[in-house]
Amino acid sequence: MSKNAKLTVLGSINADHILNLAHFPRPGETVIGKQYQIAFGGKGANQAVAAGRAGADIAFIACVGADDMGERIRQQLAQDNIDVTSVERIENESTGVAMIFVNGEGENNIGIYPGANASLTVDYVERHQQLIADADALLMQLESPLESVLAAAKIARRHQTQVILNPAPATKLSDALLSRVDIITPNETEAEILTGIAVNSDEDAARAAEVLHAKGIATVLITLGRRGVWLSEQGQGQRIAGFSVKAVDTIAAGDTFNGAFITARLEGKAIDDAVRFAHAAAAIAVTRPGAQPSVPWRAEIDDFMQQQD
Ligand code: RIB
């Protein structure tokens, strides 16, 4: 595909409340935090921003609440080269919220209140279906109602729009949805929930990929944290290592990977080059705090890759 190939992202928008602390609180424990920030996030928005900053021609289907936060996020998305015509303000709803703890190792755990994201209904998807029909690729995650994700995948299939699913947060999925996915990008936990195979090695990843291929998915990318990505196309698998950097926090690393990966693919990069490009974008993101504030622009990704040569 060419530089003008179109991407549509469908997904969530959240205001992230991020608290850095030495260790995660145990049940009943209170831990005094070291740093607190509110940043723009949500898996859908993070992936849209990653694609927009990496240079994609991108539109976003999503919902914000009728609040100041929603308006500010919408304006920021537009500045990140995203067509926000289909990001609607939902009356009597608040913008989605994520409460995020980040520990001393840069790991996180997250609780979410969907707010306006729950209004991304099947009706809403159908109202904006032209954006899916006109796109070359549709990228989705699972912070939106599952029936809406399925409806969008059906529209995409009818119009030969490639479907990329990042199955996060982890949940079991129907064959009706999986059989309409062209590329799936689970992490190890998500791969285990989808396939029943615990992914602790390349061999496990290959077996999990086989299960997903058997559901009708042509390309499987299992992200393996520091070990890189297991890329499997029609049963031919290889591990592609990532870049080693000092992580501040891993919030939105996977989202950045997804947005950058599909951008590179739509530009016509070979799939293993697209994975390396996405690894570079994610490596930059983990060296910076927060979700969208950490997502790099195209020039930064290109510079990073040149420095590795
Ligand atoms: O993937 C990271 C994102 O997950 C955060 O931005 C938070 O909003 C949650 O959706």
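Above this text is the structure in question.
First, a word on scope: everything that follows refers to the structure included in this document.

1. Some thoughts on the site of the ligand
If you check the shell around the ligand, you find 13 residues, and the closest are D16, G42, K43, E143 and D255. One of the side-chain N or O atoms of D16 is found 2.5 Å from an oxygen atom in the ligand. Take E143: an N or O atom from its side chain is 2.5 Å from an oxygen atom of the ligand. For the ligand, the accessible surface in isolation is 280 Å², of which the surrounding protein chains cover 96%. More than half of the atoms belonging to the ligand lie within 2 Å of the grid points that define the largest pocket. Sorting the residues of the shell around the ligand by element identifies β2 (14-20), α1 (43-54) and β8 (108-113) as the ones contributing at least two each. Across the shell around the ligand, the residue classes tally to five nonpolar, four polar and four charged.

2. Points about the side chain of N14
Here N14 shows up in strand β2. In terms of polar contacts, N14 uses its side chain to reach the side chain of N117, at 3.1 Å. Dropping the residues within four chain positions of it, N14 is found in contact with A39, F40, G41, G42, I73, G96, V97, A98, I112, N117 and E143.

3. Concerning unusual backbone geometry
The omega angle of the peptide bond from A168 to P169 is 0 degrees, so this bond is cis rather than trans. Mapped onto the fold, P169 is located in the loop between β10 (162-165) and α6 (175-178). Residue N92 is not a glycine yet carries a positive backbone phi of 60 degrees. Residue position: N92 is located in the loop between β6 (87-90) and β7 (96-102).

4. So, the pairing of strand β13 (residues 229-233)
Most of β13 is tucked away, with four of its five residues classed as buried. The pairing of strand β12 (residues 219-223) with β13 spans five bridges and is antiparallel. Residue pairing in the sheet places L221 in a bridge with L231 of β13. Between β12 and β13, which follow one another and run antiparallel, lie five residues, and G225 among them has a positive phi close to 60 degrees. Taken together, the five bridges between β13 and strand β14 (residues 236-240) define a ladder with antiparallel strand orientation. Looking at β14, one finds that S232 is bridged to G237. Linking β13 to β14, which pair antiparallel, is a turn of two residues; within it Q234 sits at a positive phi near 45 degrees.

Rules of the game
- Residues numbered from 1 in each chain as written.
- Predicted model: local features only at pLDDT ≥ 70, side-chain atom pairs only at ≥ 80, totals over all residues.
- Heavy atoms only, no water.
- Near = heavy atom within 4 Å.
- Polar contact = N/O pair within 3.5 Å; in protein donor to acceptor, adjacent residues only side chain to side chain.
- Areas by Shrake-Rupley, 256 points an atom, 1.4 Å probe, with all protein chains shown as cover.
- 1 Å grid on protein atoms, 1.4 Å probe; cavity = no way out; pocket = protein on both sides within 12 Å on 5 of 7 lines; lining within 4 Å.
- Sits in = over half its atoms within 2 Å of the grid points.
- Helix = DSSP H or I, 4+ residues; strand = E, 2+ residues; numbered from the N terminus.
- Nonpolar A, V, L, I, M, F, W, Y, C, P; charged D, E, K, R; others polar.
- Contact = heavy atoms within 4.5 Å.
- Buried < 20%, exposed > 50% of the residue type's maximum accessible area, 1.4 Å probe, protein only.
- Pairing = 2+ DSSP bridges.

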